[in-house]
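# Structural features, examined
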Amino acid sequence: QVQLVESGGGLVQAGGSLRLSCVASGRTFSNYALGWFRQAPGKEREFVAVISSSGGTYYAAFVKGRSTISRDNAKNTVYLQMDSLKFEDTAVYYCAADSRDIALRVGRPDYWGQGTQVTVSS
């Protein structure tokens, strides 16, 4: 089992920045691909970004150039730095983990966090 706990969400004005964090426990963190998803009110959960166990990254088109995913294996933590936030970025952001990064890309990871709310005011 892998437990994931997100933090760092909050209220920010459009154009601002937030850094989300997700601390993992339970298994060898460095062996897992980690990702972020989001779900806006009335919409389905969607993929945001993934970082593989080797550090390779992949982003959804709507955040590419505005967000950076990174990981610190010593701290068992994955981050999502979000800049130039837009009103439409308002959503609950979820951390996820899987031994295979493809599982994250297709939205079917084994492990999910509880989510952290990001609200962007226009």
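Residues numbered from 1 in each chain as written. Predicted model: local features only at pLDDT ≥ 70, side-chain atom pairs only at ≥ 80, totals over all residues. Heavy atoms only, no water.

## What to know about the overall build of the protein chain
What the protein chain contains, in helices and strands, is one helix and 11 strands. Taken from N to C terminus, the helices and strands of the protein chain fall in the order β-β-β-β-β-β-β-β-β-α-β-β. Taken over C-alpha atoms, the radius of gyration comes to 13 Å for the protein chain, in line with the 14 Å a tight globule of 122 residues would show. Taking the principal axes of the C-alpha coordinates as reference, the protein chain spans close to 40 × 25 × 25 Å. A total of 122 residues make up the protein chain; the buried ones form 45% of that total. In the protein chain, the share of contacts with a sequence separation of at least 24, taken over all contacts with a separation of at least 6, comes to 57%. Within the structure as shown, the protein chain displays about 6300 Å² of accessible surface, and the carbon and sulfur contribution to it stands at 46%. Computed over 13 positive and 10 negative side-chain charges, the inter-centroid distance for the protein chain is 2 Å. (Helix = DSSP H or I, 4+ residues; strand = E, 2+ residues; numbered from the N terminus. Rg over C-alpha atoms; globule rule 2.2 N^0.38 Å. Buried < 20%, exposed > 50% of the residue type's maximum accessible area, 1.4 Å probe, protein only. Contact = heavy atoms within 4.5 Å. Areas by Shrake-Rupley, 256 points an atom, 1.4 Å probe, with all protein chains shown as cover. Lys, Arg positive; Asp, Glu negative; His and termini not counted. Charge placed at Lys NZ, Arg CZ, Asp CG, Glu CD.)

## So, the environment of C22
With respect to the secondary-structure elements, C22 resides in strand 3 (residues 18–25). Distance from C22 to L34, taken between C-alpha atoms, is 9.4 Å for residues 12 residues apart in sequence. Not counting chain neighbours up to four residues away, the residues in contact with C22 comprise L4, V5, E6, W36, N76, T77, V78 and C95.

## Things to note about unusual backbone geometry
The phi dihedral of N76 falls on the positive side, at around 55 degrees, and the residue is not glycine. Mapped onto the secondary structure, N76 falls in the loop between strand 7 (67–72) and strand 8 (77–82). On the basis of relative accessible area, N76 is assigned to the partly exposed category, the value being 25%. Residues other than glycine seldom take positive phi values, yet S84 does so here, at roughly 50 degrees. Counting through the fold element by element, S84 comes out in the loop between strand 8 and strand 9 (91–98).

## What about the sheet that holds strand 3?
The antiparallel open sheet is built from four strands, whose spatial order is 1-3-8-7. Two strands in the sheet have a free side with no partner beyond their single neighbour: strand 1 (3–7) and strand 7. Each neighbouring strand pair of the sheet contributes to a mean axis angle of 15 degrees, computed without reference to strand direction. Pairing geometry for strand 1 and strand 3, over five bridges, is antiparallel. What sits directly across from V5, in strand 3, is V23. (Pairing = 2+ DSSP bridges. Axes fitted to C-alpha atoms, helices over the stretch in contact; angles between N-to-C directions.)

## Digging into the packing of aromatic side chains
Applying the stated criterion across every chain, the model contains five aromatic pairs. One aromatic cluster is present, built from ring pairs that chain together F37, F47, Y58, Y94 and W112. Directly above the ring of Y58 sits R105, whose terminal nitrogen or CZ lies 4.2 Å from the centroid. (Phe/Tyr/Trp six-rings, centres within 6.5 Å; stacked < 30°, edge-to-face > 60°. Lys NZ or Arg CZ within 6 Å of the ring centre and 35° of its normal.)

Just distances and angles here, no functional claims.
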